[in-house]
Amino acid sequence: MNIFIDNKSGKPIYEQIYSQIKMQIINSTLSQDEPLPSIRNLAKDLRISVITTKRAYDELEREGFIYTIAGKGCFVAQKNTELLREENLKKIESHIDEIIRLSASCNLTKQDIIDMFNIMEGE
């Protein structure tokens, strides 16, 4: 599992860990029931606080991406297709918001955007 901490990023470290692990689960880089590094080992490897790592793992568990077995550690949970669908819908909505903003600045109509979409979809 590869995690990179960007100290120049405006994102909190726990959020960087959380989002990177989450993306690795969604992209199937991490498989169902695959063990994650222990909280202590990950903190040591990243040279951060155990509390920061625990917060990231707690957030992942709260959202159903990982599960914990007492005395054994944390593992990748079974993919919840509805959860993944919801994640993708949020991303699509975000991109659509950006398209609306950019198209307004270029005076593009809704039909112009639909035409562009149809052309790109055909490629």
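Up top you'll find the structure we're talking about.
Residues numbered from 1 in each chain as written. Predicted model: local features only at pLDDT ≥ 70, side-chain atom pairs only at ≥ 80, totals over all residues. Heavy atoms only, no water.

Caption draft 1: Up close: the overall build of the protein. In terms of helices and strands, the protein carries five helices and two strands. Going from N to C terminus, the protein has its helices and strands arranged as α-α-α-β-β-α-α. For the C-alpha atoms alone, the extent of the protein along its principal axes is close to 60 × 35 × 25 Å. Each of the 123 residues in the protein was classed as buried or not, and the buried ones make up 24%. Sequence-distant contacts in the protein: of pairs separated by 6 or more residues, those separated by 24 or more amount to 49%. (Helix = DSSP H or I, 4+ residues; strand = E, 2+ residues; numbered from the N terminus. Buried < 20%, exposed > 50% of the residue type's maximum accessible area, 1.4 Å probe, protein only. Contact = heavy atoms within 4.5 Å.)

Caption draft 2: Representation of the pattern of salt bridges in the model. Under the counting rule described, the total for this entry stands at four salt bridges. The salt bridge partner of Glu-63 is Arg-62, with a shortest N-O separation of 3.8 Å. For Arg-62, a relative accessible area of 60% gives the class exposed. Note that Glu-98 is salt-bridged to Arg-101, the shortest N-O span being 2.6 Å. Residue Glu-98 and its partner Arg-101 are both found in helix 4 (residues 81–105); the two are separated by three residues, about one turn of the helix. Counted as one network, the salt bridges with shared partners bring together Glu-59, Arg-62 and Glu-63. (Salt bridge = Lys/Arg side-chain N within 4 Å of Asp/Glu carboxyl O.)

Caption draft 3: Focus on helix 3 (residues 50–62). With 13 residues, helix 3 ought to run about 18 Å at 1.5 Å a step, and its terminal C-alpha atoms sit 18 Å apart, in line with that. Three or more residues of helix 3 are buried, namely Thr-53, Ala-56, Tyr-57 and Leu-60. Buried residues along helix 3 cover an arc of 95 degrees about the axis, so they all sit on one side. Opposite the buried face of helix 3, by more than 90 degrees, sit the exposed residues Ile-51 and Arg-62. Those residues of helix 3 hidden inside the fold are in contact with helix 1 (13–26), helix 2 (39–46), strand 1 (66–69) and strand 2 (73–76). The distance from a side-chain oxygen at the start of helix 3 to the backbone nitrogen of Ile-51 is 3.0 Å, and the residue carrying that oxygen is Ser-49. (Expected span 1.5 Å × (residues − 1). Arc of directions from axis to C-beta. Polar contact = N/O pair within 3.5 Å; in protein donor to acceptor, adjacent residues only side chain to side chain.)

Caption draft 4: Summary view of the packing of helix 1 against helix 3. Close contact between helix 1 and helix 3 brings their axes to 8 Å; oriented N to C, the two are set at 45 degrees. As the angle between them shows, helix 1 and helix 3 are arranged oblique. When the axes of helix 1 and helix 3 are compared, the crossing they make is right-handed. Contacts between helix 1 and helix 3 involve Ile-13, Tyr-14, Ile-17, Tyr-18, Ile-21 and Lys-22 from the former and Thr-52, Arg-55, Ala-56, Tyr-57, Glu-59 and Leu-60 from the latter. (Axes fitted to C-alpha atoms, helices over the stretch in contact; angles between N-to-C directions. Parallel < 35°, antiparallel > 145°, perpendicular 65-115°, else oblique. Left-handed = near helix turned anticlockwise from the far one by under 90°.)

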